[in-house]
2 protein chains.
Amino acid sequence: MAKELKDLTKRSVDYSRWYNELVVKADLAEQADVRGCMVIKPYGYAIWERLQQGLDERFKRTGVQNVYFPMLIPKSFLSREAEHVEGFAKECAVVTHYRLKGNPDGDGVVVDPEAKLEEELIIRPTSETTIWNTYKKWIHSWRDLPVLCNQWCNVMRWEMRTRLFLRTSEFLWQEGHTAHATREEAEERARQMLGVYADFAEKVMALPVVQGVKSETERFAGALDTYTIEAMMQDGKALQSGTSHFLGQNFGRAFGVQFVDKENKLDYAWATSWGVSTRLMGALIMTHSDDNGLVLPPKIAPIQVVIVPIYKTSDDLSRLDERLGQLAAELEARGVRVKYDNADNKRPGFKFADYELKGVPVRLVMGARDLEEGTIELMRRDTLEKETLKAEGIVDHVVGLLDEIQDNIYRKAKTFLDEHIFPCNDYEEFKTRVKDGGFFLCPWDGTTETEAQIKADTQATIRCVPFGVSQENPGTDMVSGKPAKYRVLIARSY
Amino acid sequence: MAKELKDLTKRSVDYSRWYNELVVKADLAEQADVRGCMVIKPYGYAIWERLQQGLDERFKRTGVQNVYFPMLIPKSFLSREAEHVEGFAKECAVVTHYRLKGNPDGDGVVVDPEAKLEEELIIRPTSETTIWNTYKKWIHSWRDLPVLCNQWCNVMRWEMRTRLFLRTSEFLWQEGHTAHATREEAEERARQMLGVYADFAEKVMALPVVQGVKSETERFAGALDTYTIEAMMQDGKALQSGTSHFLGQNFGRAFGVQFVDKENKLDYAWATSWGVSTRLMGALIMTHSDDNGLVLPPKIAPIQVVIVPIYKTSDDLSRLDERLGQLAAELEARGVRVKYDNADNKRPGFKFADYELKGVPVRLVMGARDLEEGTIELMRRDTLEKETLKAEGIVDHVVGLLDEIQDNIYRKAKTFLDEHIFPCNDYEEFKTRVKDGGFFLCPWDGTTETEAQIKADTQATIRCVPFGVSQENPGTDMVSGKPAKYRVLIARSY
């Protein structure tokens, strides 16, 4: 077994270390030379591209168009929306100068003090401010609405403690920003985009999620409502995987975006924003993978099927090349992403371990004897089951199997999620059990005091008021003993 | 005719103003609130996405994989490669702080002086330095080579004079960075990628280009050779549209990227880098468009065919909707990007002018009488020719016509280019004629002195030593009178 694989820490020993090692060993990403930033390596980026492409198609089907706004934001924009600045303006990268010059006292370059900006510029932590300052020029009448824009870009938040994909200072994301003539339409759009996220997570990433609405404390800075999808990692912790915000008229008002409505009256435009980021990579990795490495749902896997020949002589190899090259072509013709790996600088055992580590869903292996006997060995990554099959008909079998693996990976994660949602009305019980992970469905009185108490006692937070859970007679708040307003999901989180 | 269109300055009156107005009126881009930066609007971004997608596919076919490196670069990296710092480290956005705080003396936020970075960070003007500092960790043996990476990202160069798409402080681009075991392989890769650019420009963007190699003065900072594609705008000026650099071992040496070669000896890795940017949008717009607005090659047009119904009664409209909705579906089934525009808040005349301005290659119009008579009106944007055709068979006709338009647009630009390349051996003649535009093929003695003289006298620069032009007996340098080393193309440029 290859060295890299042997070294992977087991989940049961240290889940957190397992994740950190896996990201690096599977060639997904690594720490960059700039503190808190990451290099996304080719294999990791190929997965991200599949996420991007799938989401982008879904956004466009709802009428959204892509745009690009500048990465630098004038400092003064940030303080226009009062709540927004509280949430975002603090830990930012600040550009103060626009020129370097040769060091007069020695080697290298220094900042040219003459080239100081009149107003500092901030690298966008999110783009509501700059986008709404532009929407002012685009929106005058109800006929100009809705505006449905999205951008794929990098953003920067100066995080103190970072982890690859989960929390980095710079990350890649998409941010959708829509403007509407009515409150109803904006609220509907915010929920619609949450639905797009949830559907994509479940159908494509095999990632079951809980949809819901955030408590006031956990809302996006400047939002009236923040909708969220929450996924459960294998340690029972929550990972907020995407959010969609109904922003009311806060940004319309702050940036003076007024329009003439159908009744010929002036009103402020209604806003939403919604985003998912490279954090989704973290969710994908942590939800499905095992002690042997990544497990990728076929719909996301850059390589769905790897084919490896086993040979001793070059004669064997050339016959296998012919047969397996043909097989690869047949699979490709069916839309399968295949890699035929006949590289002779690595032993088969190394290749097996490496593709396992990288989560390739199906591995096909053929040796000289298989060729004579018309057989082929198949291993599926999700269950690690191996079987020897007739080579004839293998294409149909593999195509069907990829669907089966996709379903199986989803079902497994869904079962895990369902089995780790616990109704709980007793605070002592909650405090004991929440350490072991899981989502706790608890009655909450709706006050920030109770919420803060829970966090202080247990580090757990209210993840959301989940959709699809009855809110009738929610019972008694387990902390305050007061009548509850909602049943909420509480968990520790990433 | 719609107001926007009437206002477009004619090319013959002021080519430069025509361009600036067209970019804004056709809804491609606009000035951002941050000096020198742009907002790329949905229609402009849709074109950029088609450029990206087409190039990305071609890169991947040559074995290139996408990655992502951080946008911030430690200041000290820039001075590692001596020539590179001269060319790039000067006009940069410099991040000096990482936090804002509430203004103690009033409203808004101020930079927190406590949050000063130990080492300043630069927003990447290009990423050779940070990428090669990482390649050091990836490359140890010839078996690790070649490394073939590309990233699509934003970069920043603090430009003093900016124009939308042509030169902006922040722009979008791709930058490929490859590492190789031998000089030959790296040189071959640099030329290969130039070929990819040229082929894409000609086949997809209908943009004829001259390929060649830059003079030492015009080389990329840190390169041994810079290959270029030069396009000719309608005013006869050159637009450098893509470059590919053979970097030798300069970055390998500067960042200590050594590998064990097949003979078990240590050597520095050989490098290339290559990029095209949103500048290509400028080339596309300026090459093909006319006094009525954009002219887009069908392969790049976000909308290839627009269909507009003409109706008086809602009865007419519903019959036209049925027939034209079907036509749109048939065209889509053939892979054509169609828009059926039956919006009733705009008059047909406005729609016609607007789609003309936006360069939609084919317009189909049907009225109630056409419906009865089985006819349809077709206008092609490139020639503005209108004809009435039988509606039956229109799908086949349009599919064929799109190819014809693509060819025609290319041929027109190619003829213009060919007719504006002038062999010239006489400096007085050159000085007089170069003002009127065109590429001048002139003998050059290869000295930077002559090159500087030409620039000082005429603002024209040596664009390249063109490929495919005989360099035998290049004659006598027209400035110095010394024996020439090359025949070079000289022109004014953007």
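Being a predicted model, the structure only gives us computed values, none of them experimental.

(A) Structural view of the overall build of chain A. The helix and strand inventory of chain A stands at 15 helices and 25 strands. Since a compact globule built from 494 residues should have a radius of gyration of about 23 Å, the 26 Å found for chain A is in line with a globular shape. Taking the principal axes of its C-alpha atoms as reference, chain A extends roughly 80 × 70 × 55 Å. Residues classed as buried in chain A amount to 59% of the 494 residues present.

(B) Structural context of the packing of helix 2 (residues 15-25) of chain B against helix 9 (residues 279-288) of chain B. Residue and element names in this part refer to chain B. Relative orientation of the contacting elements helix 2 and helix 9 amounts to 115°, with a least axis distance of 11 Å. Here helix 2 and helix 9 pass one another in a crossing that is right-handed. Where helix 2 approaches helix 9, its residues Y15, W18, Y19, L22 and V23 are matched on the opposing element by G282, I285 and M286. A class-by-class count of the residues in the contact of helix 2 with helix 9 yields seven nonpolar, one polar and no charged.

(C) Geometry of the nonpolar core. By size, the foremost hydrophobic cluster in this structure holds 264 residues, and its most contacted members are Y135 and F430 of chain A together with Y135 and F430 of chain B. Once residues lying within four places of it in the same chain are set aside, the contact partners of F430 of chain A are C424, F440, C442, I454, T458, A460, M478 and I490 of chain A.

(D) Structural context of the sheet that holds strand 19 (residues 362-367) of chain B. Residues and elements named next belong to chain B. Ordered in space as 18-17-19-20-21, the five strands form an open sheet in which the pairing is mixed. The sheet is open, and its two borders are formed by strand 18 (338-340) and strand 21 (386-390), each paired with just one other strand. Each strand of the sheet is rotated relative to its neighbour by a mean of 25°, with strand direction disregarded. Sheet topology note: the strand 19/strand 20 (residues 375-380) ladder contains four bridges and is antiparallel. Looking at the pairing, V365 lines up with E377 of strand 20. Along the sheet, helix 10 (residues 314-333) makes contact with strand 17 (305-310), strand 18, strand 19 and strand 20, crossing strand 17 at roughly 170°.

(E) Just the pattern of salt bridges, in detail. All names here are of chain B. Enumeration over the complete set of coordinates arrives at 64 salt bridges over all chains. Residue K75 pairs with E120 through a salt bridge whose shortest N-O separation is 3.2 Å. You can see K75 sitting in helix 4 (residues 75-78) and its partner E120 sitting in strand 8 (residues 116-123), a full 45 residues away along the chain. Overall, the relative accessible area of 13% leaves K75 in the buried class. Judged by its relative accessible area of 13%, E120 is buried. Of the charged contacts, one joins D382 and R380 as a salt bridge, the two residues approaching to 2.7 Å between their closest N and O atoms. The exposure class assigned to D382 is buried, which follows from its relative accessible area of 12%. On the basis of relative accessibility, which here comes to 9%, the residue R380 falls in the buried class.

(F) Expanded view of the sheet that holds strand 20 (residues 375-380) of chain A. All names here are of chain A. Sheet architecture is open: five strands sit in the order 18-17-19-20-21, paired in mixed fashion. Because the sheet does not close on itself, it has two edges, and the strands there are strand 18 (338-340) and strand 21 (386-390). For this sheet, the mean inter-axis angle between neighbouring strands, taken without regard to orientation, is 25°. Contacts from helix 10 (residues 314-333) reach strand 17 (305-310), strand 18, strand 19 (362-367) and strand 20 within the one sheet, and its direction differs from that of strand 17 by about 170°. In the packing of helix 11 (residues 348-357) onto the sheet, the strands contacted are strand 17, strand 18, strand 19 and strand 20, and the crossing angle to strand 17 comes to about 170°.

(G) Looking closely at empty space enclosed by the protein. All names here are of chain B. Per the counting criterion, the structure on display carries six cavities of 30 Å³ or more. What the largest cavity holds in volume is close to 40 Å³. Around the largest cavity, the lining residues are V306, F352, Y355, E356, V360, R363, M379 and R381. Counting residues per element, the lining of the largest cavity draws most heavily on helix 11 (residues 348-357), which supplies three residues. Residues belonging to the lining of the largest cavity are distributed by class as follows: five nonpolar, no polar and three charged.

(H) Just the packing of aromatic side chains, in detail. Throughout the structure, instances matching the rule amount to 34 aromatic pairs over all chains. A centroid spacing of 5.3 Å and a plane angle of 65° characterise the contact between F59 of chain B and W274 of chain B, whose relative ring orientation is edge-to-face. One end of the pair, F59 of chain B, is in helix 3 (residues 42-61); the other, W274 of chain B, is in strand 16 (residues 270-277), and 215 residues separate them in sequence. Every member of this aromatic cluster is reached through a ring pair, and the members are W48, F59, W152, Y197 and W274 of chain A.

(I) Broad picture of the pairing of strand 9 (residues 147-156) of chain A. Residues and elements named next belong to chain A. Within strand 9, ten of the ten residues are buried, which leaves the element mostly enclosed by the surrounding structure. With two bridges connecting them, strand 3 (residues 65-66) and strand 9 associate as parallel partners. Bridging from a neighbouring strand, N66 pairs with N150 of strand 9. Bridge count for strand 9 against strand 10 (residues 170-180) is ten bridges, and the pairing is antiparallel. Residue V147 lies in a different strand from strand 10, and its bridge partner there is A179.

Here is what the cut-offs are and how they apply
Residues numbered from 1 in each chain as written. Chains lettered and ligands numbered in written order. Predicted model: local features only at pLDDT ≥ 70, side-chain atom pairs only at ≥ 80, totals over all residues. Heavy atoms only, no water. Helix = DSSP H or I, 4+ residues; strand = E, 2+ residues; numbered from the N terminus. Rg over C-alpha atoms; globule rule 2.2 N^0.38 Å. Buried < 20%, exposed > 50% of the residue type's maximum accessible area, 1.4 Å probe, protein only. Axes fitted to C-alpha atoms, helices over the stretch in contact; angles between N-to-C directions. Left-handed = near helix turned anticlockwise from the far one by under 90°. Contact = heavy atoms within 4.5 Å. Nonpolar A, V, L, I, M, F, W, Y, C, P; charged D, E, K, R; others polar. Core = buried A, V, L, I, M, F, W, Y, C linked by side-chain atoms within 4.5 Å. Pairing = 2+ DSSP bridges. Salt bridge = Lys/Arg side-chain N within 4 Å of Asp/Glu carboxyl O. 1 Å grid on protein atoms, 1.4 Å probe; cavity = no way out; pocket = protein on both sides within 12 Å on 5 of 7 lines; lining within 4 Å. Points joined across faces, edges and corners; volume = space filled by probe spheres on them. Phe/Tyr/Trp six-rings, centres within 6.5 Å; stacked < 30°, edge-to-face > 60°.

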